Structure formats: C-alpha cells, structure tokens
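Observations on the three-dimensional arrangement
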Amino acid sequence: MWHDTGLYFGPHEGSSWVEPIQSPENADGKRRIKNLIDRSGLGSRLAAVECTAASVDDILLVHTPEYLAEVQRVSDSGGGNLARRTGTTRLGSQGIEIALLAAGGALAAVRSVLEGEVENAYALIRPPGHHAEPGEALGFCIFANAAIAGLHALETGGLERIAFVDWDVHHGNGTQAVFWEDPRALTISLHQEDCYPPESGGVDETGAGDGAGTNLNIPLPPGCGEAAYLAAFDRVVLPALARYRPQLIVVPSGFDAGFHDPLGRMMLTSHSFRKLARRIMGAADELCGGKLVMTHEGGYSPHTVPFHCLAVLEEMAGFRTDVIDPYSPPDTEEPGEVPAHQAEAVGRAAGLVERIPLPG
C-alpha cells in the first residue's frame with residue numbers, strides 16, 4: 001500500500017498540458033481486495049505466508065547489475081520515472097524497499113508451495129512485475145516478480161520444468177524476455193492483441209535457441225468474453241501444459257480483462273475468472289501435484305477487481321463464501337458460441353502447441 005506511483009500518468013511525463021492525476025496503478029484496488037477477503041470470512045481460512053525482501057542475488061537471477069543500480073539511484077534520489085521506452089513506471093523515494101518486498105512475496109509463495117507448507121499460494125503484491133525486462137522497467141513493473149520466483153524454483157528448488165500462464169489483459173513481455181532462450185520454462189501469455197506493450201505478443205514470438213517453441217502467445221481481439229477465453233484454455237493452454245508437463249505452474253494474475261477495466265477492452269466477469277482458476281487448478285493437480293502459485297499483476301477497476309480476485313481465491317481455497325458479485329450477471333455454465341473472428345485467433349495459437357518440445 002506504500003508504493004508511490006505519484007500524481008502523473010500519461011505518455012509525456014512533465015507535460016505542462018497534463019493536469020496531475022492518480023495513476024490507475026494505485027493502492028485502492030489491492031486494499032479493497034484485502035478488505036473483501038477479510039470481510040467475507042475467507043481470510044480466516046487462509047494461511048498467511050511470511051515474506052521478506054528479495055536479496056540482491058535474487059534480483060540478479062533476472063535483472064542486470066546496471067538496471068538494479070539504476071533502480072537504487074532513482075530510489076535514493078527521491079523517486080522518479082524508471083520507464084524509458086513507453087509510459088510511466090514511477091518509483092517513489094526509497095521505493096526500492098517495497099519493490100524488493102513484492103519480489104520477496106512471489107519468492108515466499110513459491111517456497112511455501114514447494115516445501116509443502118501450503119497447497120497453493122496467491123501473492124497479493126504491489127508493484128506488479130510481468131512487464132519488467134532484465135534491463136528495463138515497463139508498464140508499472142519494477143522487478144519481474146513471477147520470473148524471479150520461477151528462476152529461484154529452477155535454480156534452488158530442484159525443478160527441471162516450470163510453466164507460466166499469464167491471463168493479464170496485457171502481454172507478459174517481461175516473463176517472455178527472461179525465458180526466451182531457456183527450455184526449462186514454458187511461457188504462455190493470453191492477452192488482448194496489440195494492447196500493451198505496443199507491437200508485442202504476436203503468435204510468431206515462440207522463443208529462440210534452446211528455448212525455441214517454449215514461448216506461446218495467444219493474442220485475442222478486443223471484446224472477447226468468457227466463451228473465447230474458455231476456448232483458448234481448452235484448445236491451447238491446457239493441451240500445451242499437458243504436452244510440456246511442468247512441475248510447477250505460475251500464473252501472473254491480472255484482472256484487467258474484466259469488463260469494467262479502463263486499461264483493457266475484454267469482457268470477463270468474476271464467474272469467468274472462477275472458471276479459469278478451476279481449469280488451471282485441474283491442470284496443476286494432474287501434472288504437478290497441485291503446485292500452483294499466482295502473483296498479482298494488473299486490474300484497474302477498484303470496484304469490480306475485488307470480486308474477481310475473491311472468486312479465484314475461493315477456488316484455490318476450496319471454500320465458497322456468501323459474497324455475491326453485484327457487478328456480474330447470474331452465472332451460466334454455457335458460455336455460448338465463440339464469434340468467428342475470435343475463434344480464428346484461438347485457432348492460430350492452437351497450431352503452435354505441437355511445436356512445444358516434449359520433456360526429455
């Protein structure tokens with residue numbers, strides 16, 4: 001809650017024409033998630049995992065020493081915008097301490113699952129991480145939280161294969177960049193086509209070198225709802241996981257594909273996210289003994305996001321509260337037909353599944 005994103009959001013920081021405004025990546029949505037979890041009674045049924053800040057060595061698993069030094073410099077100098085390529089990724093004064101705690105939260109979640117302390121884990125952390133690349137901040141993300149935790153699992157957790165299933169509405173470019181040539185990770189991103197970052201996340205981006213075939217993008221046209229997302233899971237995500245057979249699944253969990261979100265143009269409801277969670281949990285149960293970790297990413301509609309997140313947490317915990325989402329229509333088990341142009345997009349991604357290398 002103490003991460004400071006300032007009073008500026010836009011393409012040209014410092015422009016005299018832009019009146020100060022709170023960034024959409026602010027504490028409200030995350031605070032409201034925590035409050036709803038507690039108010040619903042679910043919080044008392046969850047195990048709280050203690051976390052500490054990520055170490056320098058943890059960060060250097062993914063990021064360059066030069067980038068870490070830049071983050072430290074901006075933090076020590078009173079804060080500022082770290083993004084160079086596009087948009088605003090602000091870090092406040094001494095903000096590196098909170099960014100290290102966010103990465104540490106992802107690490108603690110992975111450790112707790114691998115050590116059997118909990119069955120699965122959700123890291124409700126801020127700032128988010130899936131856009132951060134090894135040498136650059138991007139899209140509100142300072143450190144690549146999920147990727148850091150995943151590499152930790154590979155380097156010290158005794159795992160040989162992990163998978164990422166990113167359902168944030170924006171492309172998980174940072175995770176993709178970290179594992180671009182690494183066959184030990186299958187990186188799947190399900191996102192709105194060409195939304196953010198610009199010109200990123202196409203189906204032709206499939207990895208390189210030893211990692212060829214281990215990156216799978218599912219860019220969907222704007223306006224996709226539950227039917228398209230479930231089709232993408234059933235035709236692409238789940239077959240890809242079954243082929244790769246990971247020992248841990250990490251979900252960079254953004255809720256900005258929700259139908260009220262200001263930074264996406266998708267149509268999911270809390271019922272939709274519940275069904276996605278149910279599917280990914282089924283895959284984790286079948287493939288890796290239920291080892292599943294979710295790291296919080298985007299979601300910028302503070303009134304609806306708490307209900308989306310609660311639905312996912314209820315599925316993970318195996319407990320339904322009495323909460324009724326007032327923003328979602330009544331649930332239906334039949335999502336309806338997938339429009340032709342959306343089905344075509346799913347089909348293009350489905351054609352890549354057979355290129356995923358089989359476990360050796």
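Further up the page is the structure itself.
The notes below deal with the structure included here. (Residues numbered from 1 in each chain as written. Predicted model: local features only at pLDDT ≥ 70, side-chain atom pairs only at ≥ 80, totals over all residues. Heavy atoms only, no water.)

The subject of this paragraph is the packing of aromatic side chains. Each aromatic ring pair is described using two quantities: the centre-to-centre distance and the angle formed by the ring planes. Across all of its chains, the model carries seven aromatic pairs by this definition. Ring centres of Phe 164 and Phe 179 lie 5.2 Å apart, and the angle between their planes is 40 degrees; on these two criteria the pair is classed as tilted. Of this pair, Phe 164 sits in strand β4 (residues 162-166) while Phe 179 sits in the loop between α6 (173-178) and β5 (185-192), placing them 15 residues apart in sequence. Phe 179 carries the same exposure label as Phe 164, and that label is buried. Measuring from ring centre to ring centre gives 6.5 Å for Trp 167 and Phe 233, while their planes differ by 40 degrees; the resulting arrangement is tilted. With Trp 167 in the loop between β4 and α6 and Phe 233 in helix α7 (residues 226-244), this pair connects stretches of sequence that are 66 residues apart. (Phe/Tyr/Trp six-rings, centres within 6.5 Å; stacked < 30°, edge-to-face > 60°. Helix = DSSP H or I, 4+ residues; strand = E, 2+ residues; numbered from the N terminus. Buried < 20%, exposed > 50% of the residue type's maximum accessible area, 1.4 Å probe, protein only.)

Here six strands make up an open sheet; going across it, the order is β3-β8-β7-β4-β5-β6 and the pairing parallel. The open sheet has two edge strands with one neighbour each: β3 (120-123) and β6 (215-220). Each strand axis lies, on average, 10 degrees off the axis of its neighbour in the sheet, ignoring direction. The pairing of β3 with strand β8 (residues 292-296) spans four bridges and is classified as parallel. Along β8, the bridge assignment pairs Asn 120 with Leu 292. Packed onto the sheet, helix α8 (residues 270-288) meets β3, β4, β7 (249-253) and β8 and runs at close to 160 degrees relative to β7. Contacts from helix α9 (residues 305-317) reach β3 and β8 within the one sheet, and its direction differs from that of β3 by about 160 degrees. (Pairing = 2+ DSSP bridges. Axes fitted to C-alpha atoms, helices over the stretch in contact; angles between N-to-C directions. Contact = heavy atoms within 4.5 Å.)

Next up on the list: helix α3 (residues 65-76). Helix length check: α3 (12 residues) gives 16 Å between terminal C-alpha atoms against 16 Å at 1.5 Å per residue, within 8%. Within α3, the full set of buried residues consists of Tyr 67, Leu 68, Glu 70, Val 71, Val 74 and Ser 75. All buried residues of α3 fall inside an arc of 155 degrees around its axis, so they share one side. When the buried face of α3 is taken as reference, the exposed residues oriented beyond 90 degrees from it are Pro 65 and Glu 66. Tucked into the core, α3 has its buried residues touching α2 (56-60), β1 (79-81), β2 (90-92) and α4 (96-114). Where α3 terminates, the next one or two residues include Gly 78, which has phi positive at roughly 105 degrees. (Expected span 1.5 Å × (residues − 1). Arc of directions from axis to C-beta.)

We now examine the pattern of salt bridges. A full pass over the atoms with the stated rule returns 18 salt bridges. In this structure, Arg 274 and Glu 314 form a salt bridge, with 2.7 Å as the shortest nitrogen-oxygen distance. Residue Arg 274 is located in helix α8, and its partner Glu 314 is located in helix α9; the two are separated by 40 residues in the primary sequence. Pair check on accessibility: Arg 274 and Glu 314 agree, each one buried. Of the charged contacts, one joins Glu 344 and Arg 348 as a salt bridge, the two residues approaching to 3.4 Å between their closest N and O atoms. Placement of both Glu 344 and Arg 348 in helix α10 (residues 340-350) is noted, with a separation of four residues, approximately one turn of the helix. Since its relative accessible area comes to 41%, Arg 348 is described here as partly exposed. Here the salt bridges share partners, and the residues they tie into one network are Arg 274, Arg 278, Glu 314, Glu 315 and Arg 320. (Salt bridge = Lys/Arg side-chain N within 4 Å of Asp/Glu carboxyl O.)

If you look at the biggest cluster of nonpolar residues, it comprises 57 residues, and the most contacted ones within it are Trp 167, Tyr 229, Leu 241, Ile 249 and Ile 280. Of all the elements, α7 adds the most residues to this core, at 10 residues. Look past the residues within four positions of Leu 241 in its chain and what remains in contact with it is Ala 163, Val 165, Leu 186, Ile 188, Pro 246, Ile 249, Ile 280, Ala 283 and Leu 287. Of all hydrophobic cores here, the second largest spans 45 residues; its members include Ala 54, Ala 121, Ile 125 and Val 178. (Core = buried A, V, L, I, M, F, W, Y, C linked by side-chain atoms within 4.5 Å.)

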